[in-house]
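Spelled out from the first residue to the last, the chains are:
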Amino acid sequence: MAKSDKAGISMLSRRRLLFLGATGLVMVPGIRMALARAPTENRVVVVVLRGALDGLAAVPPYGDKDYAAQRGSLAFAPPGEAGGCLDLDGHFGLHPALSDLLPLWQARELAVIHAAATSYRDRSHFEGQDLLETGGTAHALADGWLNRALTAMPGDGRALGLAVGPATPLILRGPARTGSYEPQQIIAPASPDFLNRLADLYRSDPLFHRALAEGLQAQALTDEVMGNPGGKPLPGAQYLIAAAAGVGRLLADPRGPRVAVLEAPGWDTHVNQGLDKGVLAVALKGLGQSLAALKQALGPAWQRTTVIAVTEFGRTVAVNGTGGTDHGTGTIALLLGGKVAGGRVIADWPGLATGKLYQGRDLAPTFDLRAALKTLCRHQLEIDAATVENRIFPDSRHAAAQPGLLRA
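Worth saying up front: this structure is predicted, and the values here are computed from it rather than measured.

Analysis parameters
- One numbering rule holds for all chains: residues counted from 1, following each sequence as written.
- A pLDDT threshold of at least 70 governs which residues receive local features in this predicted model, and a stricter bar of 80 or more applies before side-chain atom pairs are shown or counted, although totals over entire chains, interfaces and linings include all residues.
- Excluded from the side-chain calculations are hydrogens and water; all other atoms, namely the structure's heavy atoms, are used.
- Counting from the N terminus, the helices are DSSP H or I runs at least four residues long and the strands are E runs at least two residues long.
- Only protein chains enter the accessibility calculation, which uses a 1.4 Å probe; a residue is then buried when its area is under 20% of its type maximum, exposed when over 50%, and partly exposed in between.
- Note on contacts: a residue pair is in contact if any heavy atoms of the two residues lie within 4.5 Å.
- To be clear on the numbers: accessible area is Shrake-Rupley with a 1.4 Å probe, and residue cover counts the displayed protein chains and nothing else.
- To estimate the expected span of a helix, subtract one from its residue number and multiply by 1.5 Å.
- To qualify as a nonpolar core, a set must consist of buried Ala, Val, Leu, Ile, Met, Phe, Trp, Tyr and Cys residues joined through side-chain atoms within 4.5 Å.
- The score called pLDDT rates the predictor's confidence residue by residue, from a low of 0 to a high of 100.
- The rule for a salt bridge is simple: a side-chain nitrogen of Lys or Arg has to be within 4 Å of a carboxyl oxygen of Asp or Glu.
- Helix axes are fitted only over the stretch in contact, all axes being lines through C-alpha atoms; the angle between N-to-C directions runs from 0 to 180 degrees.
- Angle categories are assigned with fixed cut-offs, so that under 35 degrees is roughly parallel, over 145 is roughly antiparallel, 65 to 115 is roughly perpendicular, and the rest are oblique.
- In this scheme the crossing of two helices becomes right-handed for a clockwise turn of the near helix relative to the far one and left-handed for an anticlockwise turn of less than a right angle.
- Note on residue categories: nonpolar means Ala, Val, Leu, Ile, Met, Phe, Trp, Tyr, Cys or Pro, charged means Asp, Glu, Lys or Arg, and polar means any other residue, Gly included.
- In protein, a polar contact means a hydrogen-donor-capable atom and an acceptor-capable atom, both N or O and within 3.5 Å, with residues adjacent in sequence counting only if both atoms are side-chain atoms; elsewhere, any N or O pair within 3.5 Å suffices.
- For two strands to pair, DSSP has to find at least two bridges joining them.
- Any pair of Phe, Tyr and Trp rings, taking the six-membered ring for Trp, is counted once the centres come within 6.5 Å. Such a pair is stacked with planes under 30 degrees apart, edge-to-face with planes over 60 apart, and tilted for the rest.

> Would you mind going over the overall build of the protein in detail, with residue names and values included?
Looking only at helices and strands, the protein has 14 helices and twelve strands in total. Within the span of the protein, comprising 408 residues, buried residues form 56% of the whole. Long-range contacts, defined as pairs at least 24 residues apart, comprise 76% of the intrachain contacts of the protein with a sequence gap of at least 6. Counting every atom, the protein has about 16200 Å² of accessible surface; 55% of that belongs to carbon and sulfur.

> Please give an account of helix α12 (residues 279–298) that cites residues and values.
For α12, spanning 20 residues, the distance from its first C-alpha to its last is 29 Å, which sits close to the expected 28 Å at 1.5 Å a residue. Looking at the residues trailing α12, positive phi occurs at G299, about 60 degrees.

> A description of the nonpolar core should follow, citing residues and the corresponding values.
Core analysis: the largest hydrophobic core is formed by 43 residues, its most contacted members being V47, W267, L334 and L336. The element contributing the most residues to this core is α12, with eight residues. One finds V46, I171, L172 and I308 within the second-largest nonpolar core, a separate group that totals 37 residues.

> Describe the confidence of the model for the protein, with residues and values.
Detailed reading of the predicted coordinates is not advisable wherever pLDDT is low. For the protein, mean pLDDT is 79; residues scoring 70 or higher make up 72% of the total. Contacts of residues 1–37 to residues separated by more than four positions or lying in other chains number 117 contacts, the stretch itself having pLDDT below 50. Residue range residues 176–192 is modelled with pLDDT below 50. Its contacts to residues more than four positions away, or to other chains, number 52 contacts.

> Residue-level account of the environment of L49, with values.
Assignment of secondary structure puts L49 in strand β3 (residues 43–50). For L49, a relative accessible area of 2% puts it in the buried group. Separated by 263 residues in sequence, L49 and E312 place their C-alpha atoms 7.6 Å apart. Once you skip the residues sitting within four places of it in the chain, L49 turns out to touch A264, W267, L287, A309, V310, T311 and E312.

> How would you explain the side chain of Q273 if you had to name every residue and give the values?
Among the structural elements, Q273 can be located in the loop between β8 (259–265) and α12. What Q273 contacts, discounting residues up to four positions off in sequence, is D54, A57, R71, L74, G278, V279, L280, R315, G323, G324 and T325.

> Could you give an account of the pattern of salt bridges, with specific residues and numbers?
Any two side chains of opposite charge can pair if their charged atoms end up close together. Following the criterion strictly, the structure yields 14 salt bridges and no others. For R50, the salt bridge identified is with E263, shortest N-O distance 2.7 Å. Note that R50 is positioned in strand β3 and E263 in strand β8, a separation of 213 residues in sequence. Of the residues examined, R50 reaches a relative accessible area of 15% and is grouped as buried.

> Can you tell me about the packing of helix α13 (residues 369–380) against helix α14 (residues 385–392), naming the residues and giving the values?
Look at α13 against α14: their axes get within 9 Å of each other, and the N-to-C directions meet at 140 degrees. Of the possible angle classes, the one that applies to α13 and α14 is oblique. The element α13 and its partner α14 pack so that their crossing is right-handed. Packed against α13, whose contacting residues are K374, C377 and R378, the element α14 presents A385, V388, E389 and I392 at the interface. Its residues placed into classes, the contact of α13 with α14 shows four nonpolar, no polar and three charged.

> Which residues make up unusual backbone geometry, and what are the values?
Positive phi, close to 60 degrees, is recorded for R108, a residue that is not glycine. You can see R108 is positioned in the loop between α6 (102–106) and β6 (110–117). Phi at D395 is positive, roughly 60 degrees, even though this residue is not glycine. Exposure remark for D395: the relative accessible area of 63% places this residue in the exposed category.

> Hey, could you go over the environment of K285 for me, with residue numbers and the actual values?
Among the secondary structure elements, K285 is positioned in helix α12. Given a relative accessible area of 31%, K285 falls into the partly exposed group. C-alpha of K285 to C-alpha of P96: the two residues are 189 residues apart in sequence and 8.5 Å apart in space. Beyond its immediate sequence surroundings of up to four residues, K285 is in contact with A97, S99 and D100.

> Quick rundown of the side chain of D143? Include the residues and the values.
When you line up the elements, D143 lands in the loop between α7 (125–134) and α8 (145–151). A distance of 2.8 Å separates the side chain of D143 from the side chain of R148, its partner in a polar contact. What D143 contacts, discounting residues up to four positions off in sequence, is T134, R148, L170, R173, G174 and P175.

> How would you explain the pairing of strand β10 (residues 331–336) if you had to name every residue and give the values?
With respect to burial, β10 is a largely interior element, six of its six residues being buried. Along β10, one buried face is formed by T331, A333 and L335 and the opposite face, lined by I332, L334 and L336, is buried too. As paired strands, β6 and β10 are joined by six bridges and run antiparallel to one another. Note on β10: the bridge partner recorded for V112 is L334.

> Describe in detail the packing of aromatic side chains, supporting the description with residues and values.
All chains considered together, the criterion is met by three aromatic pairs. An angle of 85 degrees between the planes, with centres 5.2 Å apart, marks the rings of F92 and W349 as edge-to-face. Of the two residues, F92 is situated in the loop between β4 (86–87) and β5 (93–94) and W349 in the loop between β11 (344–346) and β12 (367–368); the sequence distance between them amounts to 257 residues. Relative accessible area serves as the criterion here: at 6%, F92 is assigned to the buried category.

> Tell me what's going on with the pairing of β6, and back it up with residues and numbers.
Counting buried positions over the eight residues of β6 gives eight, a clear majority of the element. Pairing between β6 and β11: three bridges, direction parallel. Bridged to I113 within β11 is I346. Summarising the sheet, β6 and β12 pair through two bridges and their orientation is parallel. By the bridge assignment for β12, A117 is matched with D368.

Pasting the structure below:
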């Protein structure tokens with residue numbers, strides 16, 4: 001082994017390198033996995049849209065009499081007209097960049113929850129994402145609601161949870177369900193050759209050597225499912241599409257995980273947001289293509305899958321002075337999958353008249369997102385109602401699960 005390799009290894013502690021076998025957590029270049037165990041055949045995918053998606057742009061309420069005046073240069077024309085959005089139901093439309101999702105709507109495998117928000121009413125990304133991922137009403141919870149859901153499920157040896165993104169998200173952080181070790185942050189070096197030499201160095205340590213061997217297998221697995229042999233870096237939009245397709249292939253495997261979290265940053269559109277073109281249109285196009293790729297990769301398993309795409313809060317109704325929108329409140333969530341009772345926009349629509357806006361500037365929230373998240377836990381992951389109410393989403397009884405969101 002080269003001297004530089006030994007020096008690099010000596011700077012890394014065993015605690016930081018790898019404990020895959022004990023904790024069920026893997027981190028390798030480009031993809032992160034957090035594994036748990038459960039007996040379900042249903043699949044759940046949570047897509048976290050970081051940065052605050054403009055729900056009024058993604059699913060414009062073109063039928064609202066105040067929409068065009070309030071949105072100004074960010075207002076779509078009605079469907080069928082030049083610069084028009086795609087029609088959904090005669091009142092709500094779909095951003096043209098999300099056209100890849102229109103077949104799902106037509107197949108009743110896509111539902112939109114509009115005027116939605118968590119319990120958070122301020123406008124900090126950090127705090128908003130914290131409450132979105134912990135499922136709490138205050139910043140008192142240290143673990144993610146999805147981790148609590150996974151730990152509430154009995155195991156049968158099947159890997160269940162998978163996180164894909166730049167870091168293990170808070171939504172999946174929490175106590176390990178396998179082995180006797182505390183969860184670790186695991187960093188796999190980018191070079192498989194480096195890992196091989198590291199395994200040779202620690203061959204005398206059975207536990208550590210076995211963990212490294214499993215890490216090498218995980219490295220190869222991630223390259224394979226991402227369709228990216230050799231682990232070469234991919235641009236943002238291509239990475240999200242490849243990640244979604246890779247996740248779909250893993251979830252489709254009868255021996256694979258059953259829950260996945262995908263993270264998609266880039267929704268903070270303060271400047272040059274654009275309408276049918278611009279930074280938001282580019283991001284929405286990538287999102288639509290990614291969700292379509294996820295469905296294709298899942299194959300028949302799509303029929304037992306529910307996908308929910310959520311964001312920390314919405315954006316202002318009016319355009320700002322730099323052609324964008326600022327932090328707001330109400331927004332949308334997308335619910336997709338073969339298990340979804342789709343083809344509808346679910347909304348207690350508050351209207352866009354100035355007197356109806358939250359604090360005179362935002363879409364007023366009328367749907368608590370925790371109701372949808374509870375529905376996934378209760379009716380997709382099959383967790384008992386008491387556990388969902390008391391342990392996974394405490395202090396939220398007013399936001400009841402809605403089984404009608406999913407097919408029976």
